Amino acid sequence: LVHHVIEDKNYHIWVATRQGIARLVGDKFEVFTEKQGLVDDDANYILEDKNGNIWIATNGGLSKFDGKRFINYTTFQGLPSNQIFSLWQDHRNLIWVGTDKGVCRFDGKNFEVFTTEDGLLDNTINCIFQDAKLNLWFGTPRGACRLNNLDGKFEIFSEKQGITGAINSGLKDKQNQIWLTSDEGVYVLQDDVLKEKILPQNGLAGDFINCILQDANANIWFGGNLGVSKITNRRFMILDAPNGLLK
């Protein structure tokens, strides 16, 4: 099972799987597992930082790969949990780590942990991204919350704002709108207000949407339980098994 795929600055493809991570160089995969120093083989997410280091979120801790060796972090180094779902590097070069027991930021030496006691909506963090005002967004099983860049306070976006279900992924688009994908469709926010909810009847391939991407041409792509959808100028195209997509 493939959990995540990225392309690094050297145009190499990295793949996170339950059997480790793999780097595609040319037409060959180089596999990294616990034998090569990865903290755990069950990898959920991969991030390349601004210095070219590869960070790997696993169900057994966090790994940093500098191209030669792995440096591993677990609860012994200050993580709130070894089960990690998401990663993000912010404008201050801090690494944010989303776990099942809160989110933490890492300055290279110490982990600072934030939980529901600090205002977080839920301690399970499915995704992390940043908006145009440098606020950090966190997707949780109960909705989304935002860490205000100016005052450092958490702001909730859930049922009261019209957002229900688990938030699986999100992004800021080229128009600075916020897109949140969930198990109940897709939410679009403009200036902190819910602008639109997109459902299968609007053209989405299923209501469970797990991932989202905006490409260089400003198209929005969605991956979900019933295939891939693309929205271009308010028109949807669906790619699923009848169109040749792998089941």
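To start, this report covers the structure provided alongside it. This one's a predicted model, so the numbers in the text were calculated from it and none came from an experiment.

**Concerning the packing of aromatic side chains**
So, step 1. In this structure the tally under the stated criterion is 17 aromatic pairs.
So, step 2. Judged by centre distance (5.9 Å) and plane angle (50°), the ring pair of W96 and F138 falls under tilted. Of this pair, W96 sits in strand 10 (residues 95-99) while F138 sits in strand 14 (residues 136-140), and the two are 42 residues apart along the sequence.
So, step 3. F138 gets classed as buried once you look at its relative accessible area, which sits at 1%.
So, step 4. Taken together through their ring pairs, the aromatic side chains of W14, F32, F65 and F70 make up a single cluster.

**So, the side chain of T17**
So, step 1. Positionally, T17 belongs in strand 2 (residues 13-17).
So, step 2. Residue classification places T17 among the buried positions, given a relative accessible area of 16%.
So, step 3. Separated by 2.8 Å, the side chain of T17 and the backbone oxygen of G20 make a polar contact.
So, step 4. Apart from residues no more than four positions distant in its own chain, T17 is found in contact with L1, V2, D41, D42 and A43.

**Some remarks on the sheet that holds strand 13 (residues 127-130)**
So, step 1. The strand order 13-14-15-16 describes an open sheet built from four strands, whose pairing is antiparallel. If you trace the sheet from one side to the other, it starts and ends with strand 13 and strand 16 (154-157), each paired once. The mean angle between the axes of side-by-side strands here comes to 25°, regardless of whether they run parallel or antiparallel.
So, step 2. Sheet topology places strand 15 (residues 143-147) next to strand 16; four bridges connect them, and they run antiparallel. Bridge assignment links L147 to a residue of strand 16, and that residue is F154.

**Describing the pattern of salt bridges**
So, step 1. The final tally for this structure, using the stated rule, is six salt bridges.
So, step 2. For R23, the salt bridge goes to E30, with nearest N and O atoms at 2.6 Å.
So, step 3. The shortest N-O distance in the salt bridge between R146 and E155 comes to 2.6 Å.
So, step 4. When its relative accessible area of 24% is taken as the criterion, E155 is described as partly exposed.
So, step 5. Members of the salt-bridge network, linked through shared partners, are R146, E155 and D192.

**A word on the pairing of strand 15**
So, step 1. Burial analysis of strand 15 places five of its five residues in the buried class, the great majority of the element.
So, step 2. Taking every second residue as pointing to the same face, both faces of strand 15 are buried, with G143, C145 and L147 on one and A144 and R146 on the other.
So, step 3. Across five bridges, the pairing between strand 14 and strand 15 is antiparallel. The partner of G139 across the bridge, within strand 15, is A144.
So, step 4. Once strand 14 ends, the chain turns through two residues before running back antiparallel as strand 15.
So, step 5. Counting the residues that bridge the hairpin from strand 15 to strand 16 gives six residues, and of these G152 lies at a positive phi of roughly 70°.

**Let's talk about the state of the cysteines**
So, step 1. A complete count under the given rule lists zero disulfides for this structure.
So, step 2. With no disulfide of its own, C127 lies 9.7 Å from the sulfur of C145, the closest cysteine sulfur.
So, step 3. The exposure class assigned to C127 is buried, which follows from its relative accessible area of 8%.
So, step 4. Unpaired in terms of disulfides, C211 finds its nearest cysteine sulfur in C127, a separation of 11 Å.
So, step 5. Under the relative-accessibility criterion, C211 is labelled partly exposed at 41%.

**A few points about the environment of F138**
So, step 1. Separated by 51 residues in sequence, F138 and L189 have C-alpha atoms that sit 14 Å apart.
So, step 2. With residues up to four places along the chain from it excluded, the contact list for F138 reads W96, V103, L120, I125, C127, I128, G143, A144, C145, L147 and F154.

Rules and cut-offs
Residues numbered from 1 in each chain as written. Predicted model: local features only at pLDDT ≥ 70, side-chain atom pairs only at ≥ 80, totals over all residues. Heavy atoms only, no water. Phe/Tyr/Trp six-rings, centres within 6.5 Å; stacked < 30°, edge-to-face > 60°. Helix = DSSP H or I, 4+ residues; strand = E, 2+ residues; numbered from the N terminus. Buried < 20%, exposed > 50% of the residue type's maximum accessible area, 1.4 Å probe, protein only. Polar contact = N/O pair within 3.5 Å; in protein donor to acceptor, adjacent residues only side chain to side chain. Contact = heavy atoms within 4.5 Å. Pairing = 2+ DSSP bridges. Axes fitted to C-alpha atoms, helices over the stretch in contact; angles between N-to-C directions. Salt bridge = Lys/Arg side-chain N within 4 Å of Asp/Glu carboxyl O. Disulfide = S-S within 2.5 Å.

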